[in-house]
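# Survey of secondary and tertiary structure
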Amino acid sequence: MAILVTGGAGYIGSHTVLALLQRGDDVVVLDNLSNASRESINRVEKLAGKQAVFCEGDVLDRACLRDLFAAHDISAVIHFAALKAVGESTRMPLEYYENNVAGTVVLLEEMRNAGIYQFIFSSSATVYGANAPVPYVETTPIGGTTSPYGTSKLMVELVMQDFAKAEPQFKAIALRYFNPVGAHESGEIGEDPSGIPNNLLPYIAQVAIGRLDKLGVFGGDYETPDGTAQRDYIHVVDLAQGHLKALDHLSKVEGYKAYNLGAGKGYSVLEMIKAFEKAAGKAIPFEIKPRRDGDLPAFWADASLADKELNWRVSRGIDEMMRDTWNWQSKNPNGFR
Ligand code: NAD
Ligand code: WQD
């Protein structure tokens, strides 16, 4: 039996494929390489000393899914494949709903046709919307999302809930990630955004390497201790481990269940800059800019449910996040290219 990992060549997917191979699981990766490089899987295989099966294809392509399910004995699917740029989603909502929502529906239909009912989904803290009390806890109803990207994640969770009610065999976990950062400690795989990064850590890392001049800090007047926004950053290797724990827990799930995967602690943008400077031994020039549209002042996870039920908690802190980001970026100044 193998695990199908959609989007497995991407940032979080590649770290999860590595963790699965390292514990001896067989893995099939399906990725259309729209935001990833085949090289990431080559490196994962080298690190693991074990091969994955790689299929270049799209989750919207039924024929491709049917061939894949016919050729491989798949026990569970971890579904990372999605478009993920919040700003872009406001300009291209239809593409986001098609890829993220319709893509998941097609995948679930073809899973059902193949008799596969175990499913783990990459959700996001963004499903709590703009008004949820902090820390975010799974008992807070989801909704009030502020971008088509966020709404696409919310919609998929609703699809999962309804499908679980209709189909007793379906066992599904939505993992709500907070802010994934860092890289594998080998420095062989990491986050490789195309174009100018939208997210904080890749931006800082590219300033450090000299690809960008200066960081813009979006907002210095929030009601936070230093005026900059706070987020719950989570090391991508801890996040990958969370997927293994969720897989192990699936058989105990009744229908659909959601878990926060976060550290349970917030850091401000200025704290992140300072921690990176310490790890890299380099100053990061920055300038306070106006707030970015749609940004929230501060949020972090109540991470106690995953601790209790999945036996999962983070074991890497801010120093490891920065050390591993810098190790990856300095070893691979141009990412996988
Ligand atoms: P990523 O872009 O690196 O990985 C996504 C992968 O999916 C890419 O390799 C891309 O080529 C592939 N893909 C996209 N559409 C596809 C399709 N239709 N068919 C097949 N493959 C397709 O992103 P990531 O940061 O690794 O995120 C993985 C998942 O986690 C996504 O669902 C994302 O929305 C979710 N998530 C990410 C974050 C984050 O900050 N990185 C936070 C919360 C949730
Ligand atoms: C973090 C903080 C910025 C860039 C996004 C998505 C969310 C989830 C994770 C997928 C914020 C500040 C950033 C920069 C800055 N993705 N910042 N200068 O916005 O918390 O979350 O990624 O599900 O849905 O919205 O992450 O890394 O973009 O920003 O000052 O150049 O850094 O304002 O306070 P965010 P981020």
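- Per an unreviewed UniProt entry, the chain goes by the name UDP-glucose 4-epimerase and belongs to Duffyella gerundensis.
- What UniProt states about the chain under its Catalytic activity (unreviewed entry) heading is, verbatim, "UDP-alpha-D-glucose = UDP-alpha-D-galactose".
- Per UniProt, the chain carries the Cofactor (unreviewed entry) text "NAD(+)".

### Things to note about helix α1 (residues 11–22)
- When the terminal C-alpha atoms of α1 are compared, their 17 Å separation across 12 residues agrees well with the 16 Å that a helix rising 1.5 Å per residue should span.
- For α1, the tally of buried residues reaches 11 of 12 residues, placing the bulk of the element in the interior.
- Residues Y11, I12, G13, S14, H15, T16, V17, L18, A19, L20 and L21 constitute the buried set of α1.

### Describing the site of ligand 2
- Around ligand 2, the surrounding shell holds 19 residues, and the nearest of these are Y149, G216, R231, R292 and D295.
- One nitrogen or oxygen atom from the main chain of N198 is found 3.4 Å from an oxygen atom belonging to ligand 2.
- Between N199 and ligand 2, the recorded distance is 3.1 Å, taken from a side-chain N or O atom to an oxygen atom.
- When ligand 2 is considered free in solution it has 680 Å² of accessible area, and contact with the protein chains removes 88% of it.
- For the shell around ligand 2, the secondary structure elements donating two or more residues are α7 (200–209) and β8 (215–218).

### So, empty space enclosed by the protein
- What the rule picks out here adds up to 1 cavity of 30 Å³ or more.
- The calculated volume of the largest cavity comes to roughly 100 Å³.
- Together, 14 residues line the largest cavity, and E191, P202, A205, W328 and Q329 are the ones closest to its centre.
- Of all the elements in the fold, those that place two or more residues in the lining of the largest cavity are α7 and α11 (318–331).
- Top contributing element to the lining of the largest cavity by residue count: α7, with 4 residues.
- Residue composition of the lining of the largest cavity, by class: 6 nonpolar, 5 polar and 3 charged.

### Remarks on unusual backbone geometry
- Here V134 and P135 are connected by a cis peptide whose omega angle stands at 0°.
- Tracing the backbone shows P135 in the loop between β5 (118–124) and α6 (148–166).
- Residue L33 is not a glycine yet carries a positive backbone phi of 60°.
- Of note, L33 is situated in the loop between β2 (26–31) and α2 (38–48).
- Assessed through its relative accessible area of 22%, L33 is described here as partly exposed.

Conventions used here
Residues numbered from 1 in each chain as written. Chains lettered and ligands numbered in written order. Predicted model: local features only at pLDDT ≥ 70, side-chain atom pairs only at ≥ 80, totals over all residues. Heavy atoms only, no water. UniProt positions renumbered as here; feature names shortened; annotations may be inferred. Helix = DSSP H or I, 4+ residues; strand = E, 2+ residues; numbered from the N terminus. Expected span 1.5 Å × (residues − 1). Buried < 20%, exposed > 50% of the residue type's maximum accessible area, 1.4 Å probe, protein only. Near = heavy atom within 4 Å. Polar contact = N/O pair within 3.5 Å; in protein donor to acceptor, adjacent residues only side chain to side chain. Areas by Shrake-Rupley, 256 points an atom, 1.4 Å probe, with all protein chains shown as cover. 1 Å grid on protein atoms, 1.4 Å probe; cavity = no way out; pocket = protein on both sides within 12 Å on 5 of 7 lines; lining within 4 Å. Points joined across faces, edges and corners; volume = space filled by probe spheres on them. Nonpolar A, V, L, I, M, F, W, Y, C, P; charged D, E, K, R; others polar.

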